[in-house]
Each structure stands twice: as C-alpha cells, then as structure tokens.
Amino acid sequence: MRPTGVERAFGPEEIIVSKTDPKGVVTYANDVFVRVSGYAEDEIVGAPHNLIRHPAMPRAVFRLMWDAIPTGQELFAYVLNLAADGGHYWVLAHVTASRGPGGRVVGYHSNRRWVPPTTQRTVGDLYARIRAAEDAQTGTPAALAAGAAALDAALADAGVTYDEWVWSLAGRDDADGGAV
C-alpha cells in the first residue's frame, strides 16, 4: 500500500491491542486495532505484524525493539503505522514478551496509545533524519548501522537514552517543545 498522507484518527482514551507469536505473526487484534488499521480481523490475524509498517518508519527503531523484547525487556517506542487504505496513524507502543511454562517467550503483546500532534511532529522530524541516513545506504546491514548511528548521535547530542527521550515526550503537555 502506498501512503496517502491522510491521518486516521483514534482517541486518547482508546488503546490498540495486539498479540503475536514469537515470529511476529498476529494472533489477536482488538476492535480498535481492526478499526484504526482499516483491515478486517481475518486479514490481520495470521498475518505478520509488519503488515502495518509505514515505509517512513526507521528500521533502527525496530532493531531496538527486536534487540530488547526477546530478552524479556519491555520497550516503549513511537511508531508510525500504515493503514489498509494508505492512511497513517502514530502510536506510543508498549511491547512486552509473553512467557509460557519455564519462562520461555511464547509471543509478544503490544498496547498502543494515541500520540498528540506536537509529539508526532517532534518524533517525525527525528525519524526523518534517521530514515535519510538509512536510505543513503545500499543493503539492509549498512542501512541499519547508519540508522542506529543517526539515532545514537541525536540522542547523545540531547544527553538522553531512547527510553528517556520517549518519556520526556510522553510526559509533556502537547503545547511544549521537546525536539531532539
């Protein structure tokens, strides 16, 4: 699907929920996820979660996620998603591992919340810089390395970790600044 630039809306009181197996295949999608993504439930369940990956989303952020969650760490991240109709929607995602007997990771669970417009712009600006660094490379390993370096440099300049940056934006009023 080609992005249209049209934002799909959902409210600050709503939570998008999904569950996946260990390989990222969706096993559950709540009604908010189905509505906002524009896919029918049977199109989502059984599909890879990256079905909703927006092409403007930096690979380096997903690398952070896949480095953290299989180890049992949780991750909070701002994510730009792509809907079935080409629309987009920003979320603050909280992704955790689901564990089975003996503590083995049996899947992943994600709750996603609405992101205020000012935060969307701040995150979008940083992500555009990271994505430009990725796009300047040929091949996935080089793109991931360039994106990670761009993200690390921006965060180092601001003197924060990614987690601290996420929470600095999540905790501010929509009218505040907060650029990295």
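I will try to describe carefully the structure that is included in this document. Sequence order as written defines the numbering, with residues in each chain counted from 1. In keeping with the model being predicted, local features are shown solely for residues with a pLDDT of at least 70 and side-chain atom pairs are shown and tallied solely at 80 or more, while totals for entire chains, interfaces and linings include all residues. As a rule here, side-chain values come from all non-hydrogen atoms in the structure, and water together with hydrogens is ignored.

## Structural notes on the pairing of strand β3 (residues 75-82)
Side-chain positions along a regular strand alternate between the two faces of the sheet. Burial here depends on accessible area, computed with a 1.4 Å probe over protein chains only, as a share of the maximum for the residue type. Under 20% is buried, over 50% is exposed, and the range in between is partly exposed. Only runs of H or I of at least four residues qualify as helices and only runs of E of at least two qualify as strands under DSSP, and these elements are numbered from the N terminus. When you tally the buried positions in β3, you get eight out of eight residues, the bulk of the element. A two-sided burial pattern is seen for β3, the buried positions comprising Leu75, Ala77, Val79 and Asn81 on one face and Phe76, Tyr78, Leu80 and Leu82 on the other. When DSSP finds at least two bridges between two strands, those strands are taken to pair. In this sheet, strand β4 (residues 88-99) lies alongside β3 in antiparallel orientation, the contact comprising eight bridges. In the strand pairing of β4, Leu80 is matched with Trp90. Remark: five residues form the turn of the hairpin made by β3 and β4, two consecutive strands paired antiparallel; Gly86 in that turn has positive phi of roughly 90°.

## Thoughts on helix α4 (residues 117-135)
Along an α-helix, residues three or four positions apart point the same way, because every turn accommodates 3.6 residues. What a helix should span is 1.5 Å times the count of its residues minus one. Along its 19 residues, α4 runs 25 Å from first to last C-alpha, staying within 8% of the 27 Å computed at 1.5 Å per residue. Any two residues whose heavy atoms approach within 4.5 Å at even a single point are treated as in contact. Elements in contact with the buried residues of α4: α3 (59-68), β3, β4, α5 (140-158) and α6 (162-170).

## Quick word on the environment of Lys23
The topology assignment puts Lys23 in the loop between β1 (15-20) and β2 (26-29). A relative accessible area of 75% places Lys23 in the exposed class. Between the C-alpha atom of Lys23 and that of His49, which follows or precedes it by 26 residues, the distance is 9.2 Å.

## A word on the packing of α3 against α4
Two elements in contact, α3 and α4, have axes separated by 8 Å at closest approach and are oriented at 95°. On the basis of their axis angle, the class for α3 and α4 is roughly perpendicular. Contacts between α3 and α4 involve Arg59, Ala60 and Val61 on the former and, on the latter, Tyr127, Ile130, Arg131 and Glu134. Note on residue classes: Ala, Val, Leu, Ile, Met, Phe, Trp, Tyr, Cys and Pro are nonpolar, Asp, Glu, Lys and Arg are charged, and everything else, Gly too, is polar. Classifying every residue of the contact of α3 with α4 gives four nonpolar, no polar and three charged. Here an axis means a line fitted to C-alpha atoms, over the contact stretch when the element is a helix, while the angle between two N-to-C directions is reported on a 0 to 180 degree scale. Oblique is the label for any angle not under 35 degrees, not over 145, and not in the 65 to 115 range, which are roughly parallel, roughly antiparallel and roughly perpendicular in turn.

## Some words on the nonpolar core
If you look at the biggest cluster of nonpolar residues, it comprises 43 residues, and the most contacted ones within it are Ile16, Tyr78, Tyr89, Tyr127, Tyr162 and Trp165. The element contributing the most residues to this core is β4, with seven residues. Once residues lying within four places of it in the same chain are set aside, the contact partners of Tyr89 are Arg8, Phe10, Ile16, Phe33, Val36, Ser37, Ile52, Val79, Leu80, Asn81, Leu82 and Ala83. The nonpolar core is taken to be a set of buried Ala, Val, Leu, Ile, Met, Phe, Trp, Tyr and Cys residues, with the residues joined through side-chain atoms within 4.5 Å.

## Details of the pattern of salt bridges
By convention in these notes, a salt bridge is any Lys or Arg side-chain nitrogen within 4 Å of a carboxyl oxygen on Asp or Glu. Using the criterion set out here, one finds four salt bridges in the structure. Arg8 is the salt-bridge partner of Asp85, the closest N and O atoms lying 2.7 Å from each other. Taken together, the residues Asp85 in the loop between β3 and β4 and Arg8 in the segment before β1 connect sequence positions 77 residues apart. With a shortest N-O distance of 2.1 Å, Glu14 and Arg35 are connected by a salt bridge. Taken as a pair, Glu14 in the segment before β1 and Arg35 in helix α1 (residues 31-37) lie far apart in primary sequence, 21 residues in all.

## Side note on the packing of aromatic side chains
Classification of ring pairs uses Phe, Tyr and Trp, with its six-membered ring standing for Trp, and accepts pairs whose centres are within 6.5 Å; under 30 degrees between planes counts as stacked, over 60 as edge-to-face, and the remaining range as tilted. Taken as a whole and judged by the stated rule, the model has seven aromatic pairs. Judged by centre distance (6.0 Å) and plane angle (40°), the ring pair of Trp90 and Tyr127 falls under tilted. One end of the pair, Trp90, is in strand β4; the other, Tyr127, is in helix α4, and 37 residues separate them in sequence. According to the relative accessible area criterion, Tyr127 is buried, its value standing at 1%. Here the aromatic rings of Tyr127 and Trp165 are separated by 6.4 Å at their centres, their planes lie at 50°, and the arrangement is tilted. Note that Tyr127 is positioned in helix α4 and Trp165 in helix α6, a separation of 38 residues in sequence. Using a relative accessible area of 2% as the deciding quantity, one classes Trp165 as buried. Every member of this aromatic cluster is reached through a ring pair, and the members are Tyr78, Trp90, Tyr127, Tyr162 and Trp165. A cation sits over an aromatic face here: Lys19 above Tyr28, 5.8 Å from the ring centre. Charge over a ring is defined by NZ of Lys or CZ of Arg lying within 6 Å of the ring centre and within 35 degrees of the ring normal. One cation-aromatic arrangement involves Arg112 over Phe33; the distance from NZ or CZ to the ring centre is 4.8 Å.

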